[in-house]
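# Remarks on the overall topology
In case you want the letters, here they are:
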Amino acid sequence: MAAVSALTAAAVAVVGLAAPAHAADPVLRDLAAAKGVYYGTAVTSSKLSGTYGALAGAQFDSITPANEMKWGTVEPNRGSFDWAGADRVVNFAEANGQRVRGHTLVWHSQMPNWLANGSFSNTELRTIMTDHVTTEVTRYRGRIDHWDVVNEPLNEDGTMRGSKFYNQLGESYIADAFRAARAADPAAKLYINDYNTDGTGPKSNGMYSLVQRLKAQGVPIDGVGFQGHLILGQVPSTLQANLQRFADLGVEVAVTELDIRMTLPATDAKLTQQKAEYKAVTNACLAVARCEGVTVWGFTDSDSWIPDVFPGEGAATPYDAGFQPKPAYYGIAEALGWTGDGGPGDPGDPGDPGDPGDPTPTTGCAVAYAVQSQWNTGFTAGVTVRNTGTSPVNGWTLRWTWPSGQSVTQAWNATVSQSGAQATAVNAAHNAAIAPGGSVTFGFNGAWSGGNTAPGAFTLNGAACTAAVS
Ligand code: G3I
């Protein structure tokens with residue numbers, strides 16, 4: 001590990017020269033290591049120099065070749081291999097003390113033409129597939145940490161995708177691929193990997209059943225990869241629970257291709273939301289003991305597949321196209337325990353006060369007091385307390401003074417006591433928190449005589465509120 005740390009330090013020094021000056025920026029790989037996970041990125045081998053190479057080496061402790069290990073790349077003509085790009089990635093990783101996620105051995109897409117368009121008997125196809133797995137895994141034996149053995153085997157409804165392999169060989173192609181991979185490199189962790197399985201739903205259920213079947217057959221599967229190609233505002237709320245239920249099946253889990261795309265142009269508000277969502281995904285992995293790590297699918301917006309495939313969308317990665325860290329980068333760092341100040345590119349959140357780029361947090365409250373019914377000497381009142389500041393309120397005490405001798409006899413959704421003319425309402429457990437812009441309500445019965453004038457002033461946690469009496 002000493003060697004790795006020295007390399008990291010050296011790489012950081014290079015970044016200091018080649019990349020924009022963010023002297024205090026955290027190193028994601030170090031933060032991740034301290035949390036017992038890895039943080040990785042997909043890379044394009046031809047770009048691994050200059051600022052791109054410096055950041056890829058310095059910030060991440062795992063790299064995945066985005067295309068270089070795919071079948072169509074490594075064996076464009078049958079029996080004729082091109083390992084140049086894959087070798088470059090593996091060598092780069094070793095020079096930077098990084099692990100490699102091998103991606104991917106058996107996939108319906110990016111197959112070489114001779115395979116995609118060729119006609120083979122079932123026996124021949126099975127042998128072609130297992131030979132391919134054996135050849136590639138053997139070549140990098142001992143140098144690949146995790147292999148995505150089978151990629152994207154499912155349809156959206158959770159049924160098996162009708163790939164060339166499935167159509168001819170049935171589901172057993174998956175077991176055979178995993179067995180060939182295990183035999184070729186017993187130390188590599190073997191994963192199945194798919195997209196739109198991140199939250200619970202039909203496709204995730206399909207993956208869950210598939211993994212159960214594979215485990216029941218004794219297939220050597222170690223992990224399930226959740227690609228995490230997400231859309232701003234649509235990060236599944238069930239992500240953590242979903243990761244956990246797979247972990248409970250006895251496999252590792254990882255987020256393998258994270259990006260969070262948005263409709264362009266990117267605005268400050270969207271980038272701030274993206275920060276929170278990168279943070280949430282990272283936190284979901286951290287909360288699941290068997291989640292090994294997170295890989296972003298390209299670390300810079302200049303190296304992302306999104307604009308090519310989703311016209312009008314983009315800005316999906318943690319660095320902008322000019323290698324400037326985006327709010328998302330600081331969101332990842334904060335999830336990994338960083339408490340520093342990222343400067344103007346690091347928009348504030350409640351846990352990160354004091355950034356120069358942040359709006360100064362404010363406090364404030366507005367109270368609406370309404371007599372809802374009144375009789376002889378009694379009345380019922382409702383009170384709404386709104387947080388008009390930008391800081392959350394966690395626990396509150398509201399005070400007011402009765403102008404005409406009223407008293408509180410019974411309250412709900414708060415505990416109300418009275419001393420002389422001063423009433424004090426303290427939150428109930430369920431409404432202690434008031435988010436910025438949010439409100440809580442409580443009510444009470446009171447006694448009056450002579451007059452029932454509404455209180456004219458309220459304080460929340462000692463600070464005056466604006467009163468909207470109705
Ligand atoms: O290299 C050629 C270039 O010479 C040519 O000029 C250009 C013209 O289109 O194409 C270039 O190849 C492209 C290649 O990426 C490298 O940039 C291919 O067209 C393009 O199809 C290919 O896209 C890749 C995609 O997989 C293919 O489905 C993306 O880079 C890669 O990020 C993406 O990764 C997949 C994962 O493997 C599996 N999960 C989904 C993920 C996103 O689609």
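The structure we're discussing is the one just above.
Residues numbered from 1 in each chain as written. Predicted model: local features only at pLDDT ≥ 70, side-chain atom pairs only at ≥ 80, totals over all residues. Heavy atoms only, no water.

Before going further, it helps to examine the site of the ligand. Around the ligand, the neighbouring residues are N67, K70, H103, W107, Q110, N151, E152, Q227, H229, E257, W297 and W305. Contact between the ligand and E152: a nitrogen atom at 2.9 Å from a side-chain N or O atom of the residue. A distance of 2.8 Å separates an oxygen atom of the ligand from a polar atom in the side chain of W297. Look at the ligand: alone it shows 780 Å² of surface, and the protein chains cover 44% of it. Residues that form the shell around the ligand fall into these classes: 3 nonpolar, 6 polar and 3 charged. (Near = heavy atom within 4 Å. Polar contact = N/O pair within 3.5 Å; in protein donor to acceptor, adjacent residues only side chain to side chain. Areas by Shrake-Rupley, 256 points an atom, 1.4 Å probe, with all protein chains shown as cover. Nonpolar A, V, L, I, M, F, W, Y, C, P; charged D, E, K, R; others polar.)

Bringing the pattern of salt bridges into the picture now. The full count for this structure, using the stated rule, is 15 salt bridges. The residue K47 makes a salt bridge to D303 at a minimum N-O spacing of 2.8 Å. Highlighted residues: K47 in the loop between β1 (38–43) and α3 (50–59) and D303 in the loop between β9 (291–296) and α13 (306–309), separated in sequence by 256 residues. As a salt-bridge pair, K326 and D301 come within 2.8 Å of each other at their nearest N and O atoms. Residue K326 is located in the loop between β10 (313–314) and α14 (327–335), and its partner D301 is located in the loop between β9 and α13; the two are separated by 25 residues in the primary sequence. The exposure class assigned to K326 is buried, which follows from its relative accessible area of 5%. (Salt bridge = Lys/Arg side-chain N within 4 Å of Asp/Glu carboxyl O. Helix = DSSP H or I, 4+ residues; strand = E, 2+ residues; numbered from the N terminus. Buried < 20%, exposed > 50% of the residue type's maximum accessible area, 1.4 Å probe, protein only.)

Let's shift gears to the state of the cysteines. With the rule as written, the count across this model stands at 2 disulfides. The disulfide that involves C285 links it to C291, with 2.0 Å between the sulfurs. For the disulfide bridge between C285 and C291, the dihedral angle about the S-S bond is near -100°, and by the sign convention the bridge is left-handed. Across this residue pair, the class does not change: C285 and C291 are buried. In this model C365 forms its disulfide with C465; the gap between the sulfur atoms is 2.0 Å. Taking the sign of the torsion about the S-S bond as the criterion, the disulfide between C365 and C465, at about -95°, is left-handed. Here the residue C365 occupies a position in strand β11 (residues 365–375), and C465 occupies one in the loop between β21 (463–464) and β22 (466–469), the gap between them amounting to 100 residues. The exposure class assigned to C365 is buried, which follows from its relative accessible area of 5%. Here the protein chain pairs its bonded cysteines, counted in sequence order, in the arrangement 1-2, 3-4. (Disulfide = S-S within 2.5 Å.)

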